[in-house]
Amino acid sequence: MIGKFISMEGPDGSGKTSVLAKLAEMLEQTHPECVLTLTREPGGSPIAEQIRELILDPHNTAMDARTEAMLYAAGRRQHMVEKILPALERGELVITDRFVDSSLAYQGVARQLPMEEIWAINQFAIGDHLPDLTLLIDIPAEVGLERIYRARGTRQFDRLDQEDLSFHQRVRQAYLDLAHDNPRFVLIDGDQPIEKVAQTCYQALIKNQII
C-alpha cells in the first residue's frame, strides 16, 4: 500500500516547524495506527543534510542564485530516494517541512530566475512525485521577519533570513500565486496561535481524506 505525501509550505517565520510538531502530536493521539515520517527540506537525509549546511551557511554570501537552485534540487533528489520514497512504499504518512514549491517561490520568483528552468531541474529531481496535499501557512512578510528577529539566539539565523523585506514579500506573493486555483493547496492563516493553526491543518487532512 502506497502511503500519503503531505508538504507544509510558507514564508520564513510562518511557524511551519512548530505547527508540524503540534500536528504530529495530534495525529499520534488520535490516529495511533498511522505511521508518521516527519522530515524537512533542505535536508531530511544524511547526504541532503550536508547540502543543507552548504546552502544555508550565512558565510556563503557569494553563492550564485543558479548554484543555490541546483543545490536545492540535488538535495531534494537525495531526500526523495533516501527517505520519502521508501517511507511511502511502506505505506506511511510522510509530512515534509518544505518541498518543491519552495524552490518555485524562493529561487523562481524571489531570486527572479526563469520559472520554467527552476521547474525543469526540480522535475528532473522528483519525477512525478508531487505531494497529495500542500498546507500553505500564510503570514505577511513583515510578521514573519519580526518573528525571526525576535527568535534570534533560539533558532538558526541562516543565509535566507538575511534577505531584505522585498525578497520575503516576493516569496509570500509567489506562494499565494502558486496556491491560486490549485486544488493541491490548502491556504491556512498562520497569524494566529500555533495550536489553532495546527488544528486547522488537522481538519484539512480529514477533509481531504488523508486520514
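Owing to the predicted nature of the structure, the values given are computational and were not obtained by experimental measurement.

A. The packing of helix H6 (residues 141-150) against helix H7 (residues 165-179), seen in detail. It is the contact of H6 with H7, at a shortest axis distance of 9 Å, that shows an interaxial angle of 120°. By the angle between their directions, the pair H6 and H7 is classed as oblique. Remark: the crossing between H6 and H7 carries right-handed chirality. Note on element contacts: H7 touches H6 through Leu165, His168, Gln169 and Arg172, opposite Ala141, Glu142 and Leu145.

B. Quick peek at the state of the cysteines. Enumeration according to the criterion identifies 0 disulfides in this entry. Unpaired in terms of disulfides, cysteine 201 finds its nearest cysteine sulfur in cysteine 34, a separation of 15 Å. When its relative accessible area of 0% is taken as the criterion, cysteine 201 is described as buried.

C. Here's a closer look at H7. The first and last C-alpha atoms of H7 sit 21 Å apart over 15 residues, in line with the 21 Å expected at 1.5 Å per residue. Residues Phe167, His168, Val171, Ala174, Tyr175 and Ala179 constitute the buried set of H7. Buried residues of H7, viewed axially, fall in a sector of 130°; they line one side. Packing partners of the buried residues in H7 comprise strand S1 (4-9), helix H4 (100-110), strand S4 (133-138), H6 and strand S5 (185-189). Aspartate 181 sits one or two residues past H7 and shows a positive phi near 60°.

D. Spotlight on the UniProt feature "binding site: ATP" (unreviewed entry) in the protein. Mapped onto the present numbering, the UniProt feature "binding site: ATP" (unreviewed entry) falls at Gly10, Pro11, Asp12, Gly13, Ser14, Gly15, Lys16 and Thr17. Within the secondary structure, glycine 10 is located in the loop between S1 and helix H1 (16-30). Look past the residues within four positions of glycine 10 in its chain and what remains in contact with it is Lys16, Arg98, Tyr106, Leu136, Ile137 and Tyr175. Residue position: serine 14 is located in the loop between S1 and H1. Every residue in contact with serine 14, bar those within four places of it in the chain, is listed here: Ile137, Ile139, Arg147 and Gly190.

E. The arrangement of unusual backbone geometry in detail. Between glutamate 41 and the following residue, proline 42, the backbone shows a cis peptide bond with an omega angle of -10°. Considering the arrangement of structural elements, one finds proline 42 in the loop between strand S2 (36-40) and helix H2 (46-56).

F. Layout of the side chain of arginine 76. Of note, arginine 76 is situated in helix H3 (residues 65-89). Residue classification places arginine 76 among the buried positions, given a relative accessible area of 1%.

G. Local environment of the sheet that holds strand S3 (residues 93-97). Reading across the sheet, the 5 strands line up as S2-S3-S1-S4-S5 and stay open at both edges, with parallel pairing between neighbours. A single partner strand is all that each edge strand has here, and the edge strands are S2 and S5. Strand-to-strand twist of the sheet, defined as the mean angle between neighbouring strand axes without regard to direction, takes the value 20°. Of the strand pairs in this sheet, S2 and S3 are connected by 5 bridges, and their pairing is parallel. If you follow leucine 36 over to S3, its bridge partner there is leucine 93.

H. Fine view of the pairing of S4. Most of S4 is tucked away, with 6 of its 6 residues classed as buried. Taking every second residue as pointing to the same face, both faces of S4 are buried, with Leu133, Leu135 and Ile137 on one and Thr134, Leu136 and Asp138 on the other. As paired strands, S1 and S4 are joined by 4 bridges and run parallel to one another. Its bridge partner lying in S4, methionine 8 is registered against leucine 135. Relative to S5, S4 is paired through 5 bridges, and the arrangement is parallel. Residue pairing for S5: leucine 135 is matched across the bridge by valine 186.

Reading the values: the criteria
- Residues numbered from 1 in each chain as written.
- Predicted model: local features only at pLDDT ≥ 70, side-chain atom pairs only at ≥ 80, totals over all residues.
- Heavy atoms only, no water.
- Axes fitted to C-alpha atoms, helices over the stretch in contact; angles between N-to-C directions.
- Helix = DSSP H or I, 4+ residues; strand = E, 2+ residues; numbered from the N terminus.
- Parallel < 35°, antiparallel > 145°, perpendicular 65-115°, else oblique.
- Left-handed = near helix turned anticlockwise from the far one by under 90°.
- Contact = heavy atoms within 4.5 Å.
- Disulfide = S-S within 2.5 Å.
- Buried < 20%, exposed > 50% of the residue type's maximum accessible area, 1.4 Å probe, protein only.
- Expected span 1.5 Å × (residues − 1).
- Arc of directions from axis to C-beta.
- UniProt positions renumbered as here; feature names shortened; annotations may be inferred.
- Pairing = 2+ DSSP bridges.

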